[in-house]
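Okay, here's what each chain looks like letter by letter:
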Amino acid sequence: MPSMRRWTRLTPSVAEAASASPATIEAHGLAAGKGAALAFKHVSFQIAPGSFTALVGPNGAGKTTLFEAILGLIPPRHGGIQVLGETPRRMRRQVAYVPQALALAHDDALIGREFVSAAFQAHRLGLPLPGSRRRARAAVEAALDTVGASDLASRRLSTLSGGQRQRLLIAQALVNRPRLVLLDEPLSQLDPAARDWIVAVAADLTRRGIAVIFSTHDINPVLRVCDRVLYLAQGRGRIGSVDEIICDETLSELYATPVRVIRDGGRRFVFADAPAA
């Protein structure tokens, strides 16, 4: 497995600056959805700079809808949301969205370096600024190095595994130095080694002061690295520590039915209690 750049932890001065900065995300009484239906409502939470938040919930709970609200792609129906102290649309360039590798439409003839470089300052129009090619090259190499994908720079996408493509997607997201990274089910259909690698890359980003929201069906792969859990279910949401959220009481309230959480070997398993006969 290739090496991944290890970023140093925040120095006191940087940590103090991060703590003094506004929350990366603040949502109050947020409701959002598509069409006539609401995916969730009355959801309130705060995401701190440099934090790792696991976004957990079943299919259809609104995880992708929440990402779209954070990106400013859909407006809130009720309540409000701010990203880096501004409206989501104004801060969109500070946010990177990483889709599932299997859902990505791309040209398999591209090599890794070309794929990552395609995102560098993609919002700019007109002729390149002086020195932009040099900056682009440096940004691409740094992003590839950060996720341990320098060895993929010259390989065609058609030759890569799902885990390798996911690393390139994260590198592409980092090329413009975002302050918030949204990962949408990045572990889907990956083997255990690839899952561990993606989780390690995401956790490493938080050491640079980048806030990470990591969408997943299964909390277990990120149990040891996440700071908080934002759980969506049945149109509701709760945020807190792992122990506060992945427990019988909170999940029973969210699902409006008795739920049992069993701990086994450092993992947590969620079961709905069978109704009494």
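Summary of the structure given here. This is a predicted model, so every value here is computed, not measured.

Observations regarding the overall build of the chain
And step 1. Regarding its fold elements, the chain presents eight helices and eleven strands.
And step 2. The buried share of the chain, reckoned over its 277 residues, is 44%.
And step 3. Restricting the contact set of the chain to residue pairs at least 6 apart, pairs at least 24 apart contribute 66%.
And step 4. For the chain, the computed accessible surface area is about 14,100 Å², with 52% contributed by carbon and sulfur atoms.

A closer look at unusual backbone geometry
And step 1. Despite not being glycine, Arg177 has its phi angle at roughly 55°, a positive value.
And step 2. Checked against the element boundaries, Arg177 lands in the loop between α5 (162-174) and β6 (180-183).
And step 3. Despite not being glycine, Gln189 shows a phi value in the positive range, around 60°.
And step 4. Relative to the assigned elements, Gln189 resides in the loop between β6 and α6 (192-206).
And step 5. When its relative accessible area of 69% is taken as the criterion, Gln189 is described as exposed.

Some details on the sheet that holds strand β1 (residues 25-32)
And step 1. Overall, antiparallel pairing links the three strands, which are arranged β2-β1-β4 in an open sheet. Both edges of this open sheet fall to β2 (40-47) and β4 (78-83), since each of them pairs with a single strand only. Each adjacent strand pair in this sheet contributes to an overall mean axis angle of 20°, direction not counted.
And step 2. Pairing between β1 and β4: five bridges, direction antiparallel. Along β4, the bridge assignment pairs Ala31 with His78.

Considering the pattern of salt bridges
And step 1. If you walk through the whole model with that rule in mind, you get nine salt bridges.
And step 2. Across the pair Asp204 and Arg207 runs a salt bridge, and its minimum N-O distance is 2.9 Å.
And step 3. Take Arg207: its relative accessible area is 27%, and that puts it in the partly exposed class.
And step 4. Residues Arg238 and Glu253 are paired through a salt bridge, measuring 2.6 Å at the closest nitrogen-oxygen approach. Placement of the pair is Arg238 in strand β9 (residues 236-240) and Glu253 in helix α8 (residues 248-255), with a sequence separation of 15 residues.
And step 5. Residue classification places Arg238 among the partly exposed positions, given a relative accessible area of 27%.
And step 6. One network of salt bridges, in which partners are shared, links Asp243, Arg263 and Arg268.

A closer look at the sheet that holds β6
Strand pairs in the sheet, formed through backbone hydrogen bonds, run parallel or antiparallel to each other.
And step 1. A sheet is described by the order of its strands in space; here six strands give the open sequence β5-β6-β7-β3-β8-β9, paired in mixed fashion. Since the sheet does not close on itself, it has two edges, and those belong to β5 (95-98) and β9, each with one partner. Going across the sheet, the axis of each strand differs from the next one's by a mean of 15°, ignoring polarity.
And step 2. By the bridge criterion, five bridges tie strand β8 (residues 228-233) to β9 in an arrangement that is antiparallel. Each residue of the ladder has a partner; that of Ala233, found in β9, is Arg236.
And step 3. Docked against the sheet, α5 engages β5 and β6, running at close to 165° with respect to β5.
And step 4. Strand contacts of α6: β3 (52-56), β6 and β7 (211-216), with the helix running at about 155° to β7, the strand carrying the most contacts.

Rules of the game
Along each chain, residues carry numbers from 1 onward, in the same order as the chain's sequence is written. pLDDT decides what is reported in this predicted model: residues at 70 or higher carry local features, side-chain atom pairs at 80 or more are listed and counted, and totals for whole chains, interfaces and linings draw on all residues regardless. Only hydrogens and water are removed before side-chain values are computed, so all heavy atoms of the structure are retained for them. Only DSSP runs of H or I covering at least 4 residues are called helices, and only runs of E covering at least 2 are called strands; the numbering of each starts at the N terminus. Relative accessibility under 20% of the residue-type maximum defines a buried residue, over 50% an exposed one, and the middle range a partly exposed one, all with a 1.4 Å probe and only protein chains included. Residues count as neighbours in contact if any of their non-hydrogen atoms are within 4.5 Å of one another. Accessible areas in this description were obtained via Shrake-Rupley with a 1.4 Å probe; residue shielding takes into account the shown protein chains only. When DSSP locates at least two bridges between a pair of strands, those strands are taken to pair. Axis lines are fitted to C-alpha atoms, over the contacting stretch for helices. Their N-to-C directions set the angle, which ranges from 0 to 180 degrees. Within this document, salt bridges are pairs made up of a side-chain nitrogen of Lys or Arg and a carboxyl oxygen of Asp or Glu, the two lying within 4 Å of each other.

None of the figures reported here should be taken as evidence of function without further support.
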